Amino acid sequence: MYAKAVYAGGVGPLEVFHTIAQAAAGAPAAVACGYFDGLHIGHAAVVGRAVQRAREEGLCAGVFTFTRAGGSPERKAGAGEIVTEADKYAILDAWGVQRVLAPDFSEFHNLEPEAFFDEVLVRRMGARVVCCGADFRFGRAAAGGAALLEKLCASRGVALEIVPEVLCGGVRVSSTRIREMLAAGDVKEAGRLLGRAFGYRLTVVHGKRLGRTIDSPTINQRFPKSFVRLRHGVYAAAAVVDGALLPAVANIGLRPTVEQTDAVNSETYIIGFSGDLYGRQIEVRLLEFLRDEQKFASVDALRARIQADARASVPIAKAYIEKTGK
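Residues numbered from 1 in each chain as written. Predicted model: local features only at pLDDT ≥ 70, side-chain atom pairs only at ≥ 80, totals over all residues. Heavy atoms only, no water.

Caption draft 1: Spotlight on helix α7 (residues 187-194). Judged by how many residues are buried, α7 sits mostly within the fold: six of eight residues are covered. When we look at burial in α7, the residues that qualify are V187, E189, A190, G191, L193 and L194. For α7, the secondary structure elements touched by its buried residues are α1 (41-57), β7 (167-168), α6 (175-183), β11 (233-241) and β14 (281-292). Downstream of α7 by one or two residues, G195 has phi in the positive range, about 80°. (Buried < 20%, exposed > 50% of the residue type's maximum accessible area, 1.4 Å probe, protein only. Helix = DSSP H or I, 4+ residues; strand = E, 2+ residues; numbered from the N terminus. Contact = heavy atoms within 4.5 Å.)

In structure tokens:
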């Protein structure tokens, strides 16, 4: 899921700063700017261009992004997270980024565009090159756009690259489009736009241990309330355990046969695996939607269906594992 992109090449450990004040002026940098809420192939084009410019010009590869705990841009209000914050940094690290400034939106949203550019990008990030998409907005009330950014860069001696949008099927790749696919269960197409299988890395928590009694031990993971909405149902999947990619089948939903809850749960049967994973963060990748979630009349009926779902998942997962090799 976090394999190095083609333009990455194993730089040092990623530095992440969570407040503007925390980020002391660093080395001169090529900085990619954006929320990057999906880290899809469109975002990869912007970040990749900054990484490439950094290499060509002997600069630090940086990213300015933000979190939304204390507020959100109007156009992002209510939008679920396609990647968790921790996974976001892991992916950026794998792409070759060296330095990330990720304050909460509430910390800088009232800065005028010029103050944001001078204090955040130039002073704190050391920007000598700025890379962004054509729709990048900045400053109070999102007043700054491409035209103002071009003017500010020219007056401060900063190079600017506005990276063209990436199309898939003739339509612009966007996080909104990916969220719609995930809500419909189309994880396969969402994976094409992400450039990787859609997945999540969450802590394994205790469930009802029913799976052990029906010869299908599962791991349970709770989604954060801020996470993107997924279609409830059963998916062919793969899980990463101790660096190995294993076939799996995952149920996303409320587990109506065994539990009454409104907390969305991922319950994954890792096929052929036996071991204790409680308390560990395990990555699960959803490969293909198999069927909707349903309530079974008995535990025996549930057992039979889990085994049938596992049989359906194995060839899909094995083909994915053979193709990715990791």
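Caption draft 2: Structural view of the sheet that holds strand β9 (residues 199-203). Pairing is antiparallel across the open sheet formed by six strands, whose spatial order is β9-β14-β11-β12-β13-β10. In this open sheet, the two strands that pair with only one neighbour each are β9 and β10 (218-222). Across the sheet, the mean angle from the axis of one strand to that of its neighbour is 35°, orientation sign disregarded. Contacting β11 and β14, α7 runs over the sheet at an angle of about 130° to β14. (Pairing = 2+ DSSP bridges. Axes fitted to C-alpha atoms, helices over the stretch in contact; angles between N-to-C directions.)

Caption draft 3: Quick look at the state of the cysteines. With the rule as written, the count across this model stands at zero disulfides. Residue C153 stays outside any disulfide, its sulfur separated by 7.9 Å from that of C132, the closest cysteine. (Disulfide = S-S within 2.5 Å.)

Caption draft 4: Inspection of the packing of α6 against α7 at higher detail. As a packed pair, α6 and α7 sit with axes 8 Å apart at the nearest point and diverge in direction by 160°. When the interaxial angle is binned, α6 and α7 end up roughly antiparallel. As for the relative orientation of α6 and α7, their crossing is left-handed in sense. Contacts between α6 and α7 involve R177, I178, M181 and L182 on the former and, on the latter, V187, E189, A190, L193 and L194. (Parallel < 35°, antiparallel > 145°, perpendicular 65-115°, else oblique. Left-handed = near helix turned anticlockwise from the far one by under 90°.)

Caption draft 5: Region of interest: the sheet that holds strand β6 (residues 159-163). The parallel open sheet is built from six strands, whose spatial order is β1-β4-β3-β2-β5-β6. Two strands close off the open sheet at either side, each with one partner strand: β1 (15-17) and β6. Mean inter-strand twist for the sheet, computed between neighbouring axes without regard to direction, equals 20°. Here β1 runs beside strand β4 (residues 99-101); their pairing, made up of three bridges, is parallel. Residue V16 lies in a different strand from β4, and its bridge partner there is V100. Sitting on the sheet, helix α5 (residues 146-156) touches β5 (127-133) and β6, and the angle it makes with β6 is about 155°.

Caption draft 6: Molecular detail of the pairing of β11. Among the nine residues that make up β11, nine are buried, leaving the element largely enclosed by the rest of the structure. Here β11 pairs with strand β12 (residues 244-253) via nine bridges, running antiparallel. Following the sheet pairing, V234 is matched in β12 by N251. Hairpin connection, β11 to β12: the antiparallel pair is bridged by two residues, and D242 has positive phi, about 50°.

Caption draft 7: Layout of the packing of helix α4 (residues 113-124) against α5. One can describe the packing of α4 onto α5 by two numbers: an axis separation of 11 Å at closest approach and a directional angle of 45°. Overall, the two elements α4 and α5 adopt an arrangement that is oblique. In terms of crossing hand, the pair formed by α4 and α5 is right-handed. Along the contact surface, α4 presents P113, E114, F117 and D118, while α5 presents L148, L149, L152, C153 and R156. Broken down by class, the residue content of the contact of α4 with α5 amounts to six nonpolar, no polar and three charged. (Nonpolar A, V, L, I, M, F, W, Y, C, P; charged D, E, K, R; others polar.)

Caption draft 8: Local environment of the environment of T268. With respect to the secondary-structure elements, T268 resides in strand β13 (residues 265-270). T268 sits in the buried class, given a relative accessible area of 0%. For the pair T268 and N251, spaced 17 residues apart in the sequence, the C-alpha separation amounts to 6.3 Å. Excluding residues that lie within four positions of it along the chain, T268 makes contacts with P217, T218, I219, Q221, A248, V249, A250 and V284.

Caption draft 9: Representation of the side chain of R53. Locating R53 in the fold gives a position in helix α1. Overall, the relative accessible area of 13% leaves R53 in the buried class. Those residues within four positions of R53 in sequence are excluded, and the remaining contacts are A30, V129, A159 and E161.

Caption draft 10: Fine view of the pattern of salt bridges. Here the structure, examined in full by the defined rule, presents 18 salt bridges. The salt bridge involving R99 is made with E15; its shortest N-O contact spans 3.9 Å. Here R99, found in strand β4, pairs with E15, found in strand β1; they are 84 residues apart in sequence, far enough to count as distant. A residue is classified by how much of its surface remains accessible, and R99, at 7% relative accessible area, is buried. When its relative accessible area of 42% is taken as the criterion, E15 is described as partly exposed. Between R285 and E283 there is a salt bridge, with its nearest N and O atoms 2.7 Å apart. With a relative accessible area of 5%, R285 lands in the buried category. Each of R49, R53, E57 and E161 takes part in salt bridges that share partners, so that together they form one network. (Salt bridge = Lys/Arg side-chain N within 4 Å of Asp/Glu carboxyl O.)

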